[in-house]
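Each chain, written out:
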Amino acid sequence: MTTTRLHGNNAGRCRAVIHGGLVYAVATDTSSAQGIAAQTRQTLQALEKNLIDAGSDRTCLLQATIYLQDMAMKSEMDAIWCAWIGDEENWPQRACVGADLAGDDLIEIVVTARLAG
C-alpha cells in the first residue's frame with residue numbers, strides 16, 4: 001500500500017499524509033494573525049488547501065481535534081468552525097483540547113478525512 005506525504009515548510013512533519021484511502025492533515029495559522037477569530041479563519045483556509053491538495057475536502061472529514069491555547073476562546077472559534085463545516089451531514093467527530101501551543105499560535109487543527117469521490 002502506497003503512502004504519499006505532502007511536505008510543508010516545517011521540518012520533521014508533513015501537512016498531509018495519504019494512506020489507505022484516508023488523509024491525515026494538520027494546519028495552523030502561519031501569519032500569526034491577532035485573535036482567535038482571525039487565526040481560526042487562517043487555519044481553516046490552510047486546512048482546506050491541505051485537504052484539496054491531498055484529494056479530499058471538508059465534506060469528507062471523519063475526525064477532527066482542535067487544540068486551543070485557551071479554552072475560554074472555544075465559543076468564538078466554534079462559531080467560525082460551524083460556519084465553515086456547513087451542513088450536519090459534513091460534521092466530523094470532533095474534540096477540543098486546551099494545549100500549550102508554540103509561538104503565537106492560538107489554534108492547531110488535526111483531521112482525518114476520506115478521499116473525495
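Keep in mind it's a predicted model, so treat the numbers as computed, not measured.

**A word on the nonpolar core**
With 28 residues, the main nonpolar core has Val23, Leu47, Leu51, Leu61, Trp81, Ile109 and Val111 as its most contacted residues. Elements supplying a minimum of two residues to this core: strand 2 (14-19), strand 3 (22-28), helix 1 (36-53), strand 4 (61-68), helix 2 (74-85) and strand 6 (107-114). Discounting chain neighbours no more than four positions away, the residues touching Leu47 are Ala25, Val26, Ala27, Trp84, Ile109 and Val111.

**Some details on the packing of helix 1 against helix 2**
Packing of helix 1 against helix 2 brings their axes to within 9 Å, and their N-to-C directions diverge by 35°. Like other packed secondary-structure pairs, helix 1 and helix 2 cross with a definite hand, here right-handed. Here helix 1 contributes Ile36, Ala37, Thr40, Arg41, Leu44, Leu47 and Glu48 to the contact with helix 2, which in turn contributes Glu76, Met77, Ile80, Trp81 and Trp84.

**Topic: the pairing of strand 1 (residues 3-7)**
Inspection of the sheet shows strand 1 paired to strand 2 by five bridges, in the antiparallel sense. Across the sheet, His7 pairs through a bridge with Cys14, a residue of strand 2. Linking two consecutive strands that pair antiparallel, namely strand 1 and strand 2, is a turn of six residues; a positive phi of about 85° is found at Gly12 within it.

**Re the sheet that holds strand 5 (residues 93-98)**
Judged by pairing direction, the sheet is mixed, and its six strands sit side by side in the order 1-2-3-6-4-5 without closing on themselves. Each edge of the sheet is formed by a strand with only one pairing partner; in this case those strands are strand 1 and strand 5. The average undirected angle you get between the axes of adjacent strands in this sheet is 10°. This element, helix 1, spans strand 1, strand 2, strand 3, strand 4 and strand 6 of the sheet and lies at about 150° to strand 3. Packed on one face of the sheet, helix 2 meets strand 4, strand 5 and strand 6 and runs near 155° to strand 4.

**A short note on the pattern of salt bridges**
Applying the stated criterion to the full structure yields six salt bridges. Residues Glu48 and Arg58 are paired through a salt bridge, measuring 3.3 Å at the closest nitrogen-oxygen approach. Taken together, the residues span a long stretch of sequence, with Glu48 in helix 1 and Arg58 in the loop between helix 1 and strand 4 at a distance of ten residues. For Arg58, a relative accessible area of 25% gives the class partly exposed.

**Observations regarding the packing of aromatic side chains**
Any two aromatic rings considered together are summarised by their centre-to-centre distance and by the angle between their planes. Under the criterion given, the structure shown has one aromatic pair. Ring geometry for Trp81 and Trp84: centres 5.5 Å apart, planes at 45°, overall tilted. In this pair, Trp81 and Trp84 both sit in helix 2, three residues apart, roughly one turn of the helix.

**Digging into the pairing of strand 5**
By the bridge criterion, six bridges tie strand 4 to strand 5 in an arrangement that is parallel. Bridge assignment links Ala64 to a residue of strand 5, and that residue is Arg94.

Rules and cut-offs
Residues numbered from 1 in each chain as written. Predicted model: local features only at pLDDT ≥ 70, side-chain atom pairs only at ≥ 80, totals over all residues. Heavy atoms only, no water. Core = buried A, V, L, I, M, F, W, Y, C linked by side-chain atoms within 4.5 Å. Buried < 20%, exposed > 50% of the residue type's maximum accessible area, 1.4 Å probe, protein only. Helix = DSSP H or I, 4+ residues; strand = E, 2+ residues; numbered from the N terminus. Contact = heavy atoms within 4.5 Å. Axes fitted to C-alpha atoms, helices over the stretch in contact; angles between N-to-C directions. Left-handed = near helix turned anticlockwise from the far one by under 90°. Pairing = 2+ DSSP bridges. Salt bridge = Lys/Arg side-chain N within 4 Å of Asp/Glu carboxyl O. Phe/Tyr/Trp six-rings, centres within 6.5 Å; stacked < 30°, edge-to-face > 60°.

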